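Given next are the chains, with one letter for each unit.
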Amino acid sequence: MLPQEPSYDAVKAAFQWQIPEYYNIGVDVCDRQDQAATAIIYREADGSVAKYSFGDLKKLSNRFANVLAAHGAAREDRVGILLPQAPETAVAHIAAYKSGMIAIPLFALFGDDALEYRLAASGAKFLVTDITGVEKIARIRDRLPDLEVVFCIDGPADGAVDFHALLDKASAEFEPVKTRADDPAIIIFTSGTTGNPKGALHAHRVLLGHLPGVEFPHNFFPKGDDLFWTPADWAWIGGLIDVLLPSLHHGRPVLACRLPKFDPEEAFRLMGEFSVRNAFMPPTALKLMRQVDNPRGRFDYHMRSIGSGGESLGAELLDWGRETFGLTINEFYGQTECNLVVGNCADVMEIRPGSMGKPIPGHEVAIIDNDGNRLAAGQEGHIAIRRPDPVMFLGYWKNEQATKEKFIGDWLITGDVGQTDEDGYIWYVGRDDDVITTAGYRVGPGEIEDCLIKHPAVQMAAVIGVPDPIRTESIKAYIVLREGIEGSDDLAKEIQTFVKTQLAAHEYPRQVAFIDTLPMTTTGKVMRRKLRDLPENH
């Protein structure tokens, strides 16, 4: 979809959206592909490997679509998919889309309350899961009146039917529902950094809307022998629509791997063993991989592109990426409601450390004030995207008021504060409630956190503002130290001096707290609100 041109401006000028009236994600990523080509390489926990062709996915998804129909599934019924990275996850999604149903990806590590909330709020009628999920659902089933059938991929279980046995008996012929590009396809719940998570309802066109934002930071994906992998769970928009579905759309294979938890050494090993060429790596994963000793000498990987988003990378991680992978990690930006709208592409533009890049061709992104007026370079305001836009959500599921509050006129406001420079690069300042006002300055936590992780003792850091009678707020840093290093008053003073000399006197943390782990969302974003809510900060 994205034309390869020599410069950002040329790519932007040459790009045009091609959104047909009728479009179905399931048909696109499966039925129209070369049926003999490899779609998914599945590496199981025991190390065994299975390959699935597009033809396999077509037959299996058709069979499951028929199974759903036999159980009374109707168009726009919701089907929950509570599974880790696995072939069945892809099959369930494709079958739901072909059936005109609405898929609800659910994170396999969700606890009972998180699952109950999402399944109840969406009114899910069906659920596909494994034996672990069946056990969780059994504890909350009596509070889910809409849930009719649970399919278990590990065989029959109490309260669940055997997914594979039913597939074996079903026909492999299925006529996909003719869906419009604007018809609903998926509900992805926000990660809920404040309040209850909201269900972002997306149309089938959301995949087409993602394509430029995938192709750009992956230096015009696909090329040559490209093969994609991400440690991000396919229950999140970053795993599902930044990696799995775009790769299948382009007829390229995806590595699926069930990692019980992220292991940085295993990440390097997987990249080498399976000749991974492209990866989406959340910043948290990159920060952990940065701790691995001599990866180039120990692992035989040859990456072509790495994209990252969710938190600012900063100069330190970019330099480490060039040294470790021989490439520039391209940072990008988006959110569940309107994803992959800003990014970098080292092939056609200068990379400015700390900047999230420029608007992805096809998207109109600006910094606006509370009245919807564009702000000049250097002025802080809402990061906003203008509608209509094919990647933008249809609205929050059964929450018109919250949908309305997401917009100022035709601008979708992200809830993030940013500014542009004279050349149109966008710079993230922080969440609306993360920006610190200290001694008359407005300070974003990202720049200070980037500076902190440059210190040799620091593994991860989060910065918040705490009440201060003189300065309004003073800056406090929560720091996770590298393994084997002990926190002390002397070390805290050394880190404060380090920031003061690297940045500015008003930006150094007047308080330093050493902490074992930082509170994070399940997508790996630091929850600064939880740090602000600690009793010691009031």
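A brief look at the structure comes next. Predicted, not measured: the structure shown is a model, and the values here were computed from it.

Looking now at helix α3 (residues 54-70). A rise of 1.5 Å per residue sets the reference length of α3, with its 17 residues, at 24 Å; its end C-alpha atoms lie 24 Å apart and thus fit the reference within 8%. Phe-54, Gly-55, Leu-57, Ser-61, Asn-62, Phe-64, Ala-65, Val-67 and Leu-68 are the residues of α3 that are buried. One side-chain oxygen of the residue at the start of α3 lies 3.3 Å from the amide nitrogen of Gly-55, identifying that residue as Ser-53. Gly-72, located one to two residues past α3, shows a positive phi value of around 90°.

Cis geometry is found at the peptide bond from Phe-221 to Pro-222, where omega equals 0°. Along the chain, Pro-222 falls in the loop between α8 (206-215) and β10 (228-229). Of note, the bond from Arg-387 into Pro-388 is cis; its omega dihedral lies within 30 degrees of zero at 0°. Despite not being glycine, Phe-220 has its phi angle at roughly 65°, a positive value. Mapped onto the secondary structure, Phe-220 falls in the loop between α8 and β10. Classification of Phe-220 by relative accessible area gives buried; the value is 6%. Positive phi, close to 50°, is recorded for Asn-294, a residue that is not glycine. Note on placement: Asn-294 falls in the loop between α11 (283-289) and α12 (295-298).

Another point: the packing of aromatic side chains. For the coordinates displayed, the defined rule picks out 18 aromatic pairs. Each ring, one from Tyr-117 and one from Phe-189, has its centre 6.3 Å from the other, and the planes form 70°; the classification is edge-to-face. With Tyr-117 in helix α5 (residues 112-122) and Phe-189 in strand β8 (residues 184-189), the pair connects residues that are 72 residues apart, well separated along the chain. Take Phe-189: its relative accessible area is 6%, and that puts it in the buried class. Each ring, one from Phe-393 and one from Tyr-396, has its centre 4.9 Å from the other, and the planes form 70°; the classification is edge-to-face. Residue Tyr-396 is classed as buried on the basis of its relative accessible area, which comes to 7%. Aromatic ring contacts, followed pair by pair, group Phe-268, Phe-299, Tyr-301, Trp-320 and Phe-325 into a single cluster. Above the ring of Phe-407, the side-chain terminus of Arg-387 is found at 3.9 Å from the ring centroid. Lying across the ring of Tyr-508, Lys-500 places its NZ or CZ 4.3 Å from the centre.

Reading guide: rules and limits
Residues numbered from 1 in each chain as written. Predicted model: local features only at pLDDT ≥ 70, side-chain atom pairs only at ≥ 80, totals over all residues. Heavy atoms only, no water. Helix = DSSP H or I, 4+ residues; strand = E, 2+ residues; numbered from the N terminus. Expected span 1.5 Å × (residues − 1). Buried < 20%, exposed > 50% of the residue type's maximum accessible area, 1.4 Å probe, protein only. Polar contact = N/O pair within 3.5 Å; in protein donor to acceptor, adjacent residues only side chain to side chain. Phe/Tyr/Trp six-rings, centres within 6.5 Å; stacked < 30°, edge-to-face > 60°. Lys NZ or Arg CZ within 6 Å of the ring centre and 35° of its normal.

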